[in-house]
Amino acid sequence: MTKTIDITLRVWRQNRPDVKGGFEIYHAANISTDMSFLEMIDVVNEQFTLDGKDPIAFDHDCREGICGMCGIVVNGRAHGAEKGTTLCQLHMRHFSNGDTIVVEPWRSRAFPIIKDLVVDRSALDTIIQAGGYISVNTGGAADANAIPIPEEIVEKAMDAAACIGCGACVAACPNASAMLFTAAKISQLALLPQGRPEAAERALGMVRKMEELYFGNCTNERECEAECPKEISIANIARLNREFIKAGLISTVM
Ligand code: SF4
Ligand code: FES
């Protein structure tokens, strides 16, 4: 039998980027514990629509933990308290009848609030534009096995490539640093031979862009690693630092 719970939500409401926001309190009754957190907000919003009230704005797309669009701070934790879980995969069975749940947007100077729980995360795209790609010389399709790569390296590159760009690492970090995101994007390319030709340019470009965009510095708090829904390791930050130092040495010599 489906279990239902009654909850109270304290939700950040803010109409526009340039107006002051604040928490509002809503009661939601008969919430199925089989619902995801986003489905619970859908139910609340359906009632708001019927009542002629402004629905709560929030970001989402795939609802399968792969696109990186969802992201809300739930009870002070980015994507909620469940380890390795995106908000769209967080289920209401992790909450109890009578709970009060505090719901806020990502808080970072680099992610201005657009409305309610929706923030502008395009700063992460700007970091990617600064070097998170490889140049492809067109021609015949390359044989997938033409460049043998050791299994251990492939696994590390694939683990780094699991980053979905959600921004939870920035929201969780006391310095609002984007180091884990940038490190994942640099690592997924730097580890593979195809990423080596532009590795130095990439490391310098992406790190400089990250600094320009109001992200803070990494002080090894490890909150990013703890809150990342894809469990990206901070070993990638050490790799980013090595890549950045090597790139700086190359640019000094040349
Ligand atoms: S490193 Fe993790 S928390 Fe940060 S953007 Fe990527 S998936 Fe999200
Ligand atoms: S909606 Fe795509 S990861 Fe959550």
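Just above, that's the structure.
J.: Outline the overall build of the chain, supporting the account with residue identities and numerical values.
T.: A tally of regular secondary structure across the chain gives 8 helices and 7 strands. Oriented by its inertia axes, the alpha-carbon framework of the chain measures out at about 65 × 40 × 35 Å. Residues classed as buried in the chain amount to 45% of the 254 residues present. Looking at the chain alone, contacts between residues at least 24 apart form 70% of all its contacts between residues at least 6 apart. Counting every atom, the chain has about 13,400 Å² of accessible surface; 51% of that belongs to carbon and sulfur. The average position of the 25 basic charges and that of the 33 acidic charges among the side chains of the chain differ by 5 Å.

J.: Explain the site of ligand 1 residue by residue, including any values.
T.: Contacts to ligand 1 come from Cys163, Ile164, Gly165, Cys166, Gly167, Ala168, Cys169, Leu180, Phe181, Cys228, Pro229 and Ile232. Of all the elements in the fold, those that place two or more residues in the shell around ligand 1 are helix 4 (168-172) and helix 5 (179-190). Partitioning the shell around ligand 1 into residue classes produces 10 nonpolar, 2 polar and no charged.

J.: I'd like a rundown of the packing of aromatic side chains, residues and numbers included.
T.: Aromatic rings in a pair are described by how distant their centres are and how their planes are angled relative to each other. Going through the model one piece at a time under the given rule, you end up with 4 aromatic pairs. Relative to Phe23, the ring of Trp12 has its centre 5.2 Å away and its plane inclined at 85°; by these criteria the two rings are edge-to-face. Of the two residues, Trp12 is situated in strand 1 (residues 4-13) and Phe23 in strand 2 (residues 22-32); the sequence distance between them amounts to 11 residues. With relative accessibility at 14%, the residue Trp12 sits in the buried group. According to the relative accessible area criterion, Phe23 is partly exposed, its value standing at 32%. Measuring from ring centre to ring centre gives 4.8 Å for Tyr26 and Phe48, while their planes differ by 70°; the resulting arrangement is edge-to-face.

J.: Can you tell me about the environment of Glu243, naming the residues and giving the values?
T.: Its place among the elements puts Glu243 in helix 8 (residues 235-253). A C-alpha to C-alpha distance of 25 Å links Glu243 and Arg121, two positions 122 residues apart in sequence. Those residues in contact with Glu243 that sit more than four places away from it in its chain are Ile186, Ala190, Arg196, Ala199 and Ala203. At 3.0 Å, the side chain of Glu243 and the side chain of Arg196 are in polar contact.

J.: Help me get a handle on unusual backbone geometry, residues and values and all.
T.: For Ala176, which is not glycine, the phi torsion reads 50° and is therefore positive. Relative to the elements of secondary structure, Ala176 occurs in the loop between helix 4 and helix 5.

J.: Give me the lowdown on the layout of surface pockets, citing residues and values where you can.
T.: Considered as a void within the structure, the second largest pocket measures approximately 150 Å³ in volume. Looking at the second largest pocket, the residues that line it are Tyr26, His27, Ala28, Ile31, Val43, Val44, Gln47, Phe48, Asp51 and Lys53. Broken down by secondary-structure element, the contributors of at least two residues to the lining of the second largest pocket are strand 2 and helix 1 (37-50). Taken together, the residues that form the lining of the second largest pocket break down as 6 nonpolar, 2 polar and 2 charged.

J.: Quick one: what's the story with the packing of helix 5 against helix 6 (residues 199-212), residue by residue and with numbers?
T.: Orientation of helix 5 relative to helix 6, taken along the N-to-C sense of each, is 170°, at an axis distance of 11 Å. One way to sum up the angle between helix 5 and helix 6 is to call them roughly antiparallel. Our pair here, helix 5 against helix 6, has a crossing hand that is right-handed. Of the residues in helix 6, those touching helix 5 at Met179, Thr182, Lys185, Ile186, Leu189 and Ala190 are Arg202, Ala203, Met206 and Met210.

Rules behind the numbers
- Residues numbered from 1 in each chain as written.
- Chains lettered and ligands numbered in written order.
- Predicted model: local features only at pLDDT ≥ 70, side-chain atom pairs only at ≥ 80, totals over all residues.
- Heavy atoms only, no water.
- Helix = DSSP H or I, 4+ residues; strand = E, 2+ residues; numbered from the N terminus.
- Buried < 20%, exposed > 50% of the residue type's maximum accessible area, 1.4 Å probe, protein only.
- Contact = heavy atoms within 4.5 Å.
- Areas by Shrake-Rupley, 256 points an atom, 1.4 Å probe, with all protein chains shown as cover.
- Lys, Arg positive; Asp, Glu negative; His and termini not counted.
- Charge placed at Lys NZ, Arg CZ, Asp CG, Glu CD.
- Near = heavy atom within 4 Å.
- Nonpolar A, V, L, I, M, F, W, Y, C, P; charged D, E, K, R; others polar.
- Phe/Tyr/Trp six-rings, centres within 6.5 Å; stacked < 30°, edge-to-face > 60°.
- Polar contact = N/O pair within 3.5 Å; in protein donor to acceptor, adjacent residues only side chain to side chain.
- 1 Å grid on protein atoms, 1.4 Å probe; cavity = no way out; pocket = protein on both sides within 12 Å on 5 of 7 lines; lining within 4 Å.
- Points joined across faces, edges and corners; volume = space filled by probe spheres on them.
- Axes fitted to C-alpha atoms, helices over the stretch in contact; angles between N-to-C directions.
- Parallel < 35°, antiparallel > 145°, perpendicular 65-115°, else oblique.
- Left-handed = near helix turned anticlockwise from the far one by under 90°.

None of this, on its own, says anything about what the molecule does.
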